[in-house]
Amino acid sequence: MSLDRAIRHIKAIATGAKYMLSGYRLTIMYPDEIQEYPDGYRGMIEYDWDACTKCGLCAMVCPADAMKMYVSKEESEEGKRPVRRPGINYTRCIFCGFCVSICPVNALRFTKIHDVAYYTFEEQIYPPEEFRKGAPRPQYDKEPKKVRAVPDEKRGLKYEPI
Ligand code: SF4
Ligand code: SF4
């Protein structure tokens, strides 16, 4: 190892040790603590089934092909043109907000939920019947403590309990 690399390693370790001993950390103890996000945060999306006019604009505007129009099985009748409603694929969504912004009747709304774990790829795809059930909820073993990030002159950022 060159002297230069050795010095950089020592500096990195010293920085880690400094923060360990100072008791100051920028991270939170998730999932014992969770951060409350500000209004306007783009988390998982809620779909208002009753408000939706089935115009398809949300699917048309989606740049990631995450929002698509699916045939609504419960509303489509045999021999007639199928009724389509939007569904979302969270493996593709980049949370750009285009679908939410373009919806003429505010049938799509961002929640602040973002920390949902899945076991399979398929579970992350929500056809309309699933999408209407609301944004998925994270499962915590015990109720987490909510904290808020606030600017701090000395540290730059600190977390306050809410
Ligand atoms: S937030 Fe963006 S990427 Fe996600 S579904 Fe809406 S338009 Fe598509
Ligand atoms: S959610 Fe909004 S944009 Fe999408 S189909 Fe329904 S009304 Fe149209």
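In what follows, the structure referred to is the one given above.
Below is a short write-up of the structure.

Parameters and conventions
Positions within a chain are numbered from 1, following the residues in the order the chain's sequence is written. Whichever chain is written first becomes A and whichever ligand is written first becomes 1, with later ones labelled in order. Where local features are concerned, this predicted model is filtered to residues with pLDDT of at least 70; where side-chain atom pairs are given and counted, the filter is 80 or more; whole-chain, interface and lining totals use all residues. Water and hydrogen atoms were dropped before computing side-chain values, which therefore reflect all heavy atoms in the structure. Definitions used for this entry: grid spacing 1 Å over protein atoms alone; cavity, a set of points where a 1.4 Å probe fits but cannot get out; pocket, an open set with protein on both sides within 12 Å along at least 5 of 7 lines; lining residue, one with an atom within 4 Å of a point. Grid points are joined across faces, edges and corners, and a volume is the space filled by probe spheres set on the points. We count a stretch as a helix when DSSP gives it H or I for four or more residues in a row; a strand needs E for two or more, and each element gets its number in order from the N terminus. The domain limits used here are those given by an automatic or database domain assignment. Proximity criterion: a residue is near a molecule or strand once any of its heavy atoms comes within 4 Å of it. Each residue gets one of three labels, nonpolar for Ala, Val, Leu, Ile, Met, Phe, Trp, Tyr, Cys and Pro, charged for Asp, Glu, Lys and Arg, and polar for the others, Gly among them.

Looking now at the layout of surface pockets. Space left empty within the atom packing is revealed by a probe, the size of a water molecule, rolled over the atoms. Roughly 410 Å³ of volume is contained in the largest pocket. In terms of lining residues, the largest pocket is bounded by 19 residues, among which Ile 34, Lys 112, Ile 113, Asp 115 and Tyr 140 are the most central. Element by element, the count of residues in the lining of the largest pocket is highest for strand S1 (residues 33-35), at 3 residues. When residues of the lining of the largest pocket are sorted by domain, at least three fall in each of domain 1 (3-36 + 141-161) and domain 2 (45-131). Volume-wise, the second largest pocket comes out at about 260 Å³. What lines the second largest pocket is a set of 14 residues, and nearest its centre among them are Val 116, Ala 117, Tyr 118, Pro 138 and Gln 139.

Near ligand 1 lie 13 residues; those nearest to it are Cys 62, Cys 93, Cys 96, Gly 97 and Cys 99. When the residues that make up the shell around ligand 1 are grouped by side-chain class, the tally is 12 nonpolar, 1 polar and no charged.

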